[in-house]
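# Structural description and commentary
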Amino acid sequence: MTTTAARRATTVTAPPYQGDSTNGDSTKGDAGTHPGAAVEPHLDPALTGRPDVRPTSRRLGPGQRRRFAGLVGPAALILLWVVASATGLLDPRILSEPWTVVATAGELIADGRLQENLAISAQRAGLGLFFGIVVGAVLAVLSGLSRVGESLIDGPVQIKRAIPGLALIPLLILWFGIDETMKVLTITLGVFVPIYLQTHAGLRGIDLRYVELAQTVGLSRAGFIRRVVLPGALPGFFLGLRFAVTGAWVSLVVVEQINSTSGIGYMMELARTYGQTNIIVLGLAVYGVLGLLSDAAVRLLERKALSWQRTLAG
Amino acid sequence: MATHTGGLKSAGPSNEVSVRNLIRSFGPKGVLNGVDLDIAPGEFVALLGPSGCGKSTLLRALAGLDRDVRGSGVVKVPEQVSVVFQDSRLLPWDSVLGNVTLGLRDHDADARGRRALAEVGLAGREKAWPHELSGGEQQRVALARSLVREPRLLLADEPFGALDALTRLKMHALLKDLVAAHRPAVLLVTHDVDEAITLADRVIVLQDGRVALERTAGTSVDQSSLRGELLAALGVHAAA
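Residues numbered from 1 in each chain as written. Chains lettered and ligands numbered in written order. Predicted model: local features only at pLDDT ≥ 70, side-chain atom pairs only at ≥ 80, totals over all residues. Heavy atoms only, no water.

## Section: the overall build of chain B
Helix and strand counts for chain B stand at seven helices and nine strands. Seen along its three principal axes, the alpha-carbon backbone of chain B occupies a region of about 45 × 40 × 35 Å. Here chain B holds 240 residues, and the buried ones make up 55% of them. A fraction of 71% describes how many contacts in chain B between residues 6 or more apart in sequence connect residues 24 or more apart. Only carbon and sulfur atoms are counted for the fraction: they give 52% of the accessible area of chain B, which is about 9,800 Å². Taking the 28 positively charged and 29 negatively charged side chains of chain B as two groups, their mean positions are separated by 3 Å. (Helix = DSSP H or I, 4+ residues; strand = E, 2+ residues; numbered from the N terminus. Buried < 20%, exposed > 50% of the residue type's maximum accessible area, 1.4 Å probe, protein only. Contact = heavy atoms within 4.5 Å. Areas by Shrake-Rupley, 256 points an atom, 1.4 Å probe, with all protein chains shown as cover. Lys, Arg positive; Asp, Glu negative; His and termini not counted. Charge placed at Lys NZ, Arg CZ, Asp CG, Glu CD.)

## What to know about the packing of helix 4 (residues 135-147) of chain B against helix 5 (residues 165-182) of chain B
All names here are of chain B. Here helix 4 crosses helix 5 at 15 degrees, and the two axes come no closer than 11 Å. Put simply, helix 4 runs roughly parallel to helix 5. Our pair here, helix 4 against helix 5, has a crossing hand that is right-handed. Across the interface between the two elements, Gly-136, Gln-139, Arg-140, Leu-143 and Leu-147 of helix 4 pack against Thr-167, Met-171, Leu-174, Leu-175, Leu-178 and His-182 of helix 5. Residues that form the contact of helix 4 with helix 5 fall into these classes: six nonpolar, four polar and one charged. (Axes fitted to C-alpha atoms, helices over the stretch in contact; angles between N-to-C directions. Parallel < 35°, antiparallel > 145°, perpendicular 65-115°, else oblique. Left-handed = near helix turned anticlockwise from the far one by under 90°. Nonpolar A, V, L, I, M, F, W, Y, C, P; charged D, E, K, R; others polar.)

## Concerning the confidence of the model for chain B
All names here are of chain B. For chain B, the average pLDDT comes to 87, and 93% of its residues sit at 70 or higher. Element-level pLDDT for chain B is lowest in strand 4 (residues 70-76), with a mean of 87, against a maximum mean of 96 in helix 2 (residues 96-100). As scored by the predictor, the complex reaches a pTM of 0.74 and an ipTM of 0.85. (pLDDT = per-residue confidence, 0-100.)

## Quick notes on the nonpolar core
In terms of nonpolar packing, the biggest core is built from 72 residues, with Val-228 of chain A together with Leu-37, Leu-58, Leu-155 and Leu-187 of chain B touching the most fellow members. Residue contacts for Val-228 of chain A: discarding those within four places in its chain leaves Ile-206, Tyr-210, Ala-214, Leu-219 and Gly-223 of chain A together with Leu-91 and Trp-93 of chain B. In this structure, Ala-116, Leu-122, Ala-156 and Leu-234 of chain B belong to the second largest nonpolar core, which totals 46 residues. (Core = buried A, V, L, I, M, F, W, Y, C linked by side-chain atoms within 4.5 Å.)

## Thoughts on the sheet that holds strand 2 (residues 29-39) of chain B
Residue and element names in this part refer to chain B. The strand order 2-1-4 describes an open sheet built from three strands, whose pairing is antiparallel. Sheet topology places strand 2 and strand 4 at the edges, where each strand pairs with a single neighbour. Between one strand axis and the next, the sheet turns through 10 degrees on average, direction left out of account. Across eight bridges, the pairing between strand 1 (residues 17-26) and strand 2 is antiparallel. Residue pairing in the sheet places Ser-25 in a bridge with Gly-30 of strand 2. Lying on the sheet, helix 1 (residues 55-63) is in contact with strand 1, strand 2 and strand 4; it crosses strand 1 at an angle near 120 degrees. (Pairing = 2+ DSSP bridges.)

## Digging into the packing of aromatic side chains
The tally for this structure, following the rule as stated, stands at five aromatic pairs over all chains. Note on Phe-130 of chain A and Phe-131 of chain A: the rings are 5.3 Å apart at their centroids and 65 degrees apart in plane angle, and the pair reads as edge-to-face. Ring centres of Phe-237 of chain A and Phe-238 of chain A lie 5.6 Å apart, and the angle between their planes is 75 degrees; this geometry places the pair in the edge-to-face category. The residues Phe-237 of chain A and Phe-238 of chain A share a single accessibility class, namely buried. Among the aromatic residues, those joined into a cluster by ring pairs are Tyr-210 and Trp-308 of chain A together with Trp-93 of chain B. Note that Arg-209 of chain A overlies the ring of Tyr-210 of chain A, its terminal NZ or CZ placed 5.5 Å from the centroid. It is Arg-89 of chain B that lies over the ring of Phe-85 of chain B; its NZ or CZ is 3.7 Å from the centre. (Phe/Tyr/Trp six-rings, centres within 6.5 Å; stacked < 30°, edge-to-face > 60°. Lys NZ or Arg CZ within 6 Å of the ring centre and 35° of its normal.)

## As for a nonpolar patch on the surface
A cluster of nonpolar side chains, namely Leu-127, Phe-130, Phe-131, Val-134, Val-138 and Leu-142 of chain A, defines an oily patch on the protein surface of about 520 Å² accessible area. With respect to the helices, strands and loops of the structure, Val-134 of chain A is situated in helix 5 (residues 113-145). (Patch = residues over 30% accessible without salt bridge, like charges linked within 9 Å, V, L, I, M, F, W, Y side chains within 5 Å. Salt bridge = Lys/Arg side-chain N within 4 Å of Asp/Glu carboxyl O.)

## Digging into the pattern of salt bridges
Scanning the model with the defined rule gives 24 salt bridges over all chains in all. Measuring nitrogen to oxygen at the nearest pair gives 3.1 Å for the salt bridge that ties Arg-204 of chain A to Glu-150 of chain A. You can see Arg-204 of chain A sitting in helix 8 (residues 180-204) and its partner Glu-150 of chain A sitting in helix 6 (residues 147-162), a full 54 residues away along the chain. You can call Glu-150 of chain A partly exposed: its relative accessible area is 22%. Arg-125 of chain B serves as the salt-bridge partner of Glu-137 of chain B, at 3.6 Å between the closest nitrogen and oxygen. Taken together, the residues span a long stretch of sequence, with Glu-137 of chain B in helix 4 and Arg-125 of chain B in the loop between helix 3 (109-119) and helix 4 at a distance of 12 residues. Because the salt bridges share partners, they merge into one network encompassing Asp-207, Arg-209 and Glu-212 of chain A together with Arg-60, Asp-87 and Arg-89 of chain B.

## Brief notes about the sheet that holds strand 6 (residues 153-157) of chain B
Residues and elements named next belong to chain B. Spatially, the six strands line up as an open sheet ordered 5-6-7-3-8-9, and their pairing is mixed. The open sheet is flanked by strand 5 (81-84) and strand 9 (210-216), the only strands paired with a single partner. Within the sheet, the average angular offset between the axes of one strand and its neighbour, ignoring direction, is 20 degrees. Sheet strands in contact with helix 7 (residues 223-233) are strand 3 (44-48), strand 8 (202-207) and strand 9, and its direction is about 175 degrees off that of strand 9.

## Points about the side chain of Glu-97 of chain A
Residue and element names in this part refer to chain A. For Glu-97, the location among the structural elements is in the loop between helix 3 (72-86) and helix 4 (98-110). Buried charged residue Glu-97 carries no salt bridge. Nearest counter-charge: Arg-93, at 9.8 Å. Non-local contacts of Glu-97, meaning those with residues more than four positions away in its chain, are made with Trp-81, Ser-85 and Pro-92.

## Here we look at helix 7 (residues 165-176) of chain A
Residue and element names in this part refer to chain A. For helix 7, spanning 12 residues, the distance from its first C-alpha to its last is 15 Å, which sits close to the expected 16 Å at 1.5 Å a residue. For helix 7, the full list of buried residues reads Leu-168, Ile-169 and Leu-172. Summarising the axial view, the buried residues of helix 7 lie within an arc of 125 degrees, below the 170-degree limit, and thus occupy one face. Residues Pro-170 and Leu-174 are exposed on helix 7 and point more than 90 degrees away from its buried face. The inward-facing, buried residues of helix 7 contact helix 6, helix 8 and helix 10 (221-258). (Expected span 1.5 Å × (residues − 1). Arc of directions from axis to C-beta.)

## A short note on the confidence of the model for chain A
Detailed reading of the predicted coordinates is not advisable wherever pLDDT falls low. The predicted model of chain A averages 82 in pLDDT, with 81% of residues at 70 or higher. Across residues 1-41 of chain A, where pLDDT falls below 50, the model places 58 contacts with residues more than four positions away in sequence or in other chains.

The structure is reproduced here in structure tokens:
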């Protein structure tokens, strides 16, 4: 015990490494040779006031990220719709005009039907997504870290992957009736597969060298999962999440159009019965916006959580 | 300050590391064919040898990283062993400080991690991501990570092999200071004869899985004749 204390004491009093003064600043950006010095970005005053005269080499990456650049594509699509409708190229009987759809949205919001149906739809998708993420991630970790888990879990998941979600619905109705449980379960079953697949792949792709490192620093099993496995599998998990989020909305349409008395899908199904194309198109637009927004949310989350990565995405 | 053991010391209970008749093989090929090795507390041993001579295999055996390799022999190492790899092997998703304190369970782990980083000259970089550091800085973090554990034995597998020549010289000085302050026994695997002579108290040349040559280094020894002898053992006949 006393030796440990003595060792600690030497640690405290040991002088910080000052670097080899004769070598000066030979390693560029090696700010560590000046302990305690604030680390500041290199701003060469000679360059700041003048036009950049560096020779331009061919750039192979996609370049800098620009704000709202992701909205350009969808906006172009809407513009195309507006132009085609205004010029009469697009028959309103085939596809309602954008302004009709906007007016319909106004009416449905005024009498509260749109919000009401949207809320119940969002609740179903959210619950299904939540359970799907938990189930998919837990199964991926179990099957990724143990051979027993892999032999038990991986096969059945691959079987589930081969069965279309739609084909399961009759059985689920038989087992769970037609209320919310069945709907959320259908979405969960659609969501957990991509989460499982991508998280599992991400986890299995973790460099073996990090496993060795974990052994040499004496990490516990739990510490290994928390510090190495989960962060290492995170890129794969987020890829799975992007599939899962859009998948949740797709499953939602299916369950709401087959048997339901509420939700966006139900609203569209009702409109089909009465031949109200404008409401159908509105429903499609809502699904589209929801899909786009949730994907953007996942990507934002991904950028925040994976800020340690240096990738082409920037 | 260093209490050198004077080189070729026989096995005794006071030795930090004691290896007897170590045999390791991958498939039919023997990599280590009966290696004996003793390292005294605080002694700095450099292990030289051509590629494929079994240097890294020996180091991995001491680090306990060769569970899947067939072999026999006796390996006695202290409980606190730290390893520095050729790549800095920092977790890219963890901060510099998080990497240093990885696996520490005591409540003052963060404070100790900060002190260790200050010791290697990286105070203030605790929150940086590993990819934001230069290669030399990354390897310093790896040194801080291994020394924050106060190891009795430090195993280093060509830790400076990937660095440029100037950074490597700085790292030699840093490692010397750190070893003087913490006094672990050190086994440094390297292919660089000069690095071995500069840093070690004793140099061992491994050839075909056996100890081929063992020499005391340090200031009391004629550096150029030692250098020539080591190079000759490695099959290089340098001009005088």
